[in-house]
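Descriptive analysis of the structure
Now for the letters of each chain:
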Amino acid sequence: MKTLKKLSLAILLLGNLLLPTIVVGYSSGAPKKTCFSMVPGHPNTARQNSQPPYEIWPSSAGKRVRLILGSSEGLPYQGFFIVARDIDNGRYVGEFSNLPRLTKHVQCSEGANNAVTHVSKEDKRNMEFDWQAPDNYEGNVVFNSTFLQDYATYWIGVESPRITVLKSSAVVDTSAPQMKNPRTTTPPYYRPTPLNIEYGQDLFYDGCGTTKICFGAPSGCERERNCKAVVAVIVRGERYIFEMQGKDARYVAVGLSTDSKMGDDSVVECVDEGGRVGLYMSWNTGRSNQRIRTPEGSVKLESSSIRDNTVSCTFSRDKRTIINGQEFDLVRTPYKLLVASGTGVDVNGIGFHDIVYLPSSEGRLLSDVGEIKAASNILFRIHGALMLASWIGTASVGILLARYYRQTWVNSQCCGKDHWFVWHRFFMIITWLMTLAGFIVIFVQLGRWSDETIHASLGLATTILCFIQPFMAALRPHPGAPRRSLFNWAHWFVGNAAHICGIIAIFYGFSLGIRSNLTPDWVIWIVVAYVVFHILTHLFLTFTGCISDRQGSQRVNSFPMKDMHSRGSMSHPDARRDAPSSGLRKLIFGIYFVVIAIFAAVLIVIVVLAPIEDTWKTWMNKI
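Residues numbered from 1 in each chain as written. Predicted model: local features only at pLDDT ≥ 70, side-chain atom pairs only at ≥ 80, totals over all residues. Heavy atoms only, no water.

1. What about the overall build of the protein?
Heads up, the rule is: In DSSP terms, a helix is any run of H or I states spanning at least four residues, a strand is any run of E spanning at least two, and both are numbered starting from the N terminus. The buried label applies to any residue whose accessible area, calculated with a 1.4 Å probe on protein chains only, is under 20% of its type's maximum; exposed applies above 50%, and partly exposed to all values in between. Contact criterion: two residues are considered in contact whenever any of their non-hydrogen atoms come within 4.5 Å of each other.
Each helix and strand in the protein was counted, giving 10 helices and 29 strands. Counting over 623 residues, the protein shows a buried share of 48%. Within the protein, contacts between residues separated by at least 24 positions form 64% of all contacts whose residues are at least 6 apart in sequence.

2. Remarks on the packing of aromatic side chains
We apply this condition: Centres within 6.5 Å are what make two rings of Phe, Tyr or Trp a pair, Trp counting through its six-membered ring; a difference in plane orientation under 30 degrees is then read as stacked, over 60 as edge-to-face, and the rest as tilted.
On inspection of all chains with the given rule, the structure shows 29 aromatic pairs. An angle of 85° between the planes, with centres 5.3 Å apart, marks the rings of Trp 131 and Phe 143 as edge-to-face. Here Trp 131, found in strand β7 (residues 127-132), pairs with Phe 143, found in strand β8 (residues 139-150); they are 12 residues apart in sequence, far enough to count as distant. On the basis of an interplanar angle of 0° and a centroid distance of 5.0 Å, the ring pair of Phe 242 and Phe 315 is categorised as stacked. Separated by 73 residues along the polypeptide, Phe 242 in strand β15 (residues 239-247) and Phe 315 in strand β21 (residues 310-317) bring together distant segments of the chain. A network of ring pairs unites the aromatic residues Tyr 54, Tyr 77, Phe 80, Phe 96, Phe 129, Trp 131, Phe 143, Phe 147 and Trp 155 as a single cluster.

3. Looking at the nonpolar core
Note the following rule: As used here, the term nonpolar core means buried Ala, Val, Leu, Ile, Met, Phe, Trp, Tyr and Cys residues forming a set that is joined through side-chain atoms within 4.5 Å.
By size, the foremost hydrophobic cluster in this structure holds 37 residues, and its most contacted members are Phe 242, Met 244, Cys 270, Phe 315 and Leu 337. Phe 315 has contacts with Tyr 240, Ile 241, Phe 242, Met 244, Val 254, Val 268, Cys 270, Leu 279, Val 299, Lys 300, Leu 301 and Glu 302, leaving out every residue within four places of it along the chain. By size, the runner-up hydrophobic cluster in this structure holds 34 residues, among which are Met 387, Ala 498, Val 523 and Ile 612.

4. So, the pairing of strand β22 (residues 320-323)
To keep things clear, this is the line we draw: The rule for pairing is simple: two strands pair if DSSP sees at least two bridges between them.
The alternating pattern of β22 places Thr 321 and Ile 323 on a buried face and Arg 320 and Ile 322 on a face that is not buried. When β22 meets strand β23 (residues 326-329), the two strands line up antiparallel, connected through 4 bridges. Along β23, the bridge assignment pairs Arg 320 with Asp 329. Here β22 folds back onto β23, and the loop between the two strands holds 2 residues, one of which, Asn 324, carries a positive phi near 50°.

5. With respect to the environment of Trp 57
Applied cut-off: The definition of a polar contact used here is a pair of N or O atoms within 3.5 Å, where within protein one atom must be able to donate a hydrogen and the other to accept one, and adjacent residues in sequence count solely through side-chain atom pairs.
If you trace the backbone, Trp 57 turns up in strand β1 (residues 55-61). For Trp 57, a relative accessible area of 15% gives the class buried. In this structure the C-alpha to C-alpha distance between Trp 57 and Leu 69, which are 12 residues apart in sequence, comes to 6.5 Å. At 3.3 Å, the side chain of Trp 57 and the side chain of Glu 55 are in polar contact.

6. Focus: the sheet that holds strand β19 (residues 288-291)
Put simply, the rule reads: Helix axes use the C-alpha atoms of the stretch in contact, all axes being lines fitted to C-alpha atoms, and the angles between their N-to-C directions lie in the range 0 to 180 degrees.
Across the sheet, 6 strands lie side by side as β19-β18-β17-β16-β24-β27; this open sheet has antiparallel pairing. Strand pairing shows two members of the sheet lacking a second neighbour, β19 and β27 (356-359), which therefore form its edges. Averaged over all pairs of adjacent strands, the angle between strand axes in this sheet comes to 25°, irrespective of strand direction.

7. Details of the pattern of salt bridges
How we decide: What makes a salt bridge here is a side-chain nitrogen of Lys or Arg within 4 Å of a carboxyl oxygen of Asp or Glu, nothing more.
Applying the stated criterion to the full structure yields 12 salt bridges. Among the ionic pairs, Arg 291 bridges to Glu 269, the shortest N-O distance being 3.9 Å. Here Glu 269 lies in strand β17 (residues 265-272) and Arg 291 lies in strand β19, a separation of 22 residues in the sequence. Taking the relative accessible area as the measure of exposure, Glu 269 reaches 0% and is therefore buried.

8. Looking at the sheet that holds strand β13 (residues 213-217)
Pairing in this open sheet of 5 strands is antiparallel, and the strands run β13-β14-β15-β21-β20 from one edge to the other. Because the sheet does not close on itself, it has two edges, and the strands there are β13 and β20 (299-307). The average undirected angle you get between the axes of adjacent strands in this sheet is 15°. Inspection of the sheet shows β20 paired to β21 by 8 bridges, in the antiparallel sense. By the bridge assignment, Ile 306 is partnered in β21 with Val 311.

9. Here's the deal with the side chain of Lys 212
By the element assignment, Lys 212 lies in the loop between β12 (183-184) and β13. By relative accessible area, which is 6% here, Lys 212 ends up buried. Non-local contacts of Lys 212, meaning those with residues more than four positions away in its chain, are made with Phe 204, Asp 206, Gly 207, Ala 232, Val 233, Ile 234, Glu 243 and Val 369.

10. Re the state of the cysteines
Our working definition: Here, the term disulfide refers to a pair of cysteine sulfur atoms separated by no more than 2.5 Å.
With the rule as written, the count across this model stands at 4 disulfides. Across the disulfide, Cys 35 is cross-linked to Cys 108 (sulfur-sulfur distance 1.9 Å). The sign of the -85° torsion about the S-S bond sets the Cys 35-Cys 108 disulfide as left-handed. Of this pair, Cys 35 sits in helix α2 (residues 34-37) while Cys 108 sits in the loop between β5 (103-106) and β6 (115-118); the two residues are 73 residues apart in sequence, bridging distant segments of the chain.

11. Some thoughts on the packing of helix α4 (residues 378-404) against helix α5 (residues 419-446)
The cut-off we apply is this: These descriptions rest on fixed angle ranges, namely under 35 degrees for roughly parallel, over 145 for roughly antiparallel, 65 to 115 for roughly perpendicular, and the rest for oblique. Each crossing gets its hand from how the near helix is turned against the far one by less than a right angle, where anticlockwise is left-handed and clockwise is right-handed. Each residue gets one label: Ala, Val, Leu, Ile, Met, Phe, Trp, Tyr, Cys and Pro are nonpolar, Asp, Glu, Lys and Arg are charged, and the others, such as Gly, are polar.
Running from N to C, α4 and α5 point in directions that differ by 160°, and their axes come no closer than 8 Å. Classified by the angle their axes make, α4 and α5 are roughly antiparallel. In this structure, α4 crosses over α5, and the sense of that crossing is left-handed. When its residues are assigned to classes, the contact of α4 with α5 shows 24 nonpolar, 9 polar and no charged.

12. A closer look at the confidence of the model for the protein
For any part of a model where pLDDT is low, the fine detail of the predicted coordinates should not be relied upon. Inclusion rule: pLDDT gives the predictor's per-residue confidence on a scale running from 0 to 100.
For the protein, the average pLDDT comes to 80, and 82% of its residues sit at 70 or higher. Per-residue pLDDT, averaged within each element of the protein, yields its smallest value for β12 (37) and its largest for helix α9 (residues 582-608) (93). The model gives residues 176-200 a pLDDT under 50, and that stretch makes 57 contacts with residues more than four places away or in other chains. Residue range residues 556-573 is modelled with pLDDT below 50. Its contacts to residues more than four positions away, or to other chains, number 43 contacts.

Structure below.
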């Protein structure tokens, strides 16, 4: 009986190896009849023995086996077919589950999903799925696969290590798998692609997007090979290998996050500790970082160096770790990458990322090699542009008009109203709309209250004060009413308080940009220059207004907060005549308007195109 069983098995294996190609090629996967032959139906393709570049990496958990189909060289493949067989009798065993995109089941025996194949010719790398042994099964299993690099290039008989299935577990044989008569077609010849790399350029970036994931800051620096901080991930079987480097930094760090924001993130950092590199794990809580006790075996430093002011390290990380009570499963869970570097380090963790910080835009399995795009910060830029246009631009002009120009351009009207009133109302409505839009935009971006308390609190105060101004104006008493003076003071105070809070918030906003290396240090001096110009203009107009007050009955200044005319009546003849020195005031307003527009435009450009210095260098290089 044993002799008959061995003879049957020999015939089955011989048939596997010698059966001619009898099926046609399918770009959407192998049909059921391929289960026996394992041969793709690709006619006119020669066969030749060579070592396949692809492997099957199994790992076990109970009686479930996790499989990864890939290449240690990072080569993609267009198609594959895999089955599980009992080594002793050659029967199909178990079922596959948790299939990824671009794959489907094949039922080699009725009612059982005991094979898997591709569904398109799209390039694949490191496909992962599970195999479950039958409940009462015990025996030895091997996974047999065919890999198709392209239509004319495929390998048959690629086997996994042997799996010993017991009643309660499956054990992977860790010895090297034995390839049983692998048959291949001739590998294609690829003309080496010349790399445009100058002498001395960093070889870290070789293989980015083809054999490993690379993500660096600033955005797109991987292509230019000049990242300030960059991380690369290579998956080899069950090993997740991270490479990192940061320039001019004390530390370089990578975080795993389920969103693009700091908070509840597992971080691993490499730190320059006086000539040697230390590897640590930490945890992001909000925008603060706290070093934690590294779970045993979760990360392991493979290599490190400090050269040319660049901290570099390579470490491996367990595919599954529990950090702060949260599971990080690199096999099944897509993560967004947070890359950062900085100069601040202490015993409790790493400091603010004062050199660079950048999150990726979308979650991805780390085994899915390809380009990773940075998360968009367009809403941050829009928020900054709106607030600058509001409080450096329109609010400044609107306040100036109401303060000094009530007795200017009075010999004509616009829409039945004095010019100062029409244009004051126009500029302040624009300020109101842009401020509310900027407030909404930043909340959409953050999704929560900002951790930058001072900037956020000042911004909130500015928004509230700005919001109530038009409602106060709508309820203002009639000129000459007893409470008109009280309204004038309240309206003046709320408007100026909002303006002052807005300008201080802008200072703090730019300080955040400077800390993050998004805005240059000198941008603060532009804001200081604006404040000095704004104050000097107010002082000059106040001084000339006092002189004008002595020359006529019309008052140019709004102090005291009474009606505009000294007699308290808009019907007074002097009320329809410009106050003295109106020509000078008009000239000052023209200069002020142009200079304020330039200040606002320059600051908006700096924010929108940040980091402006890098953008400028890029433009100059293109020229």
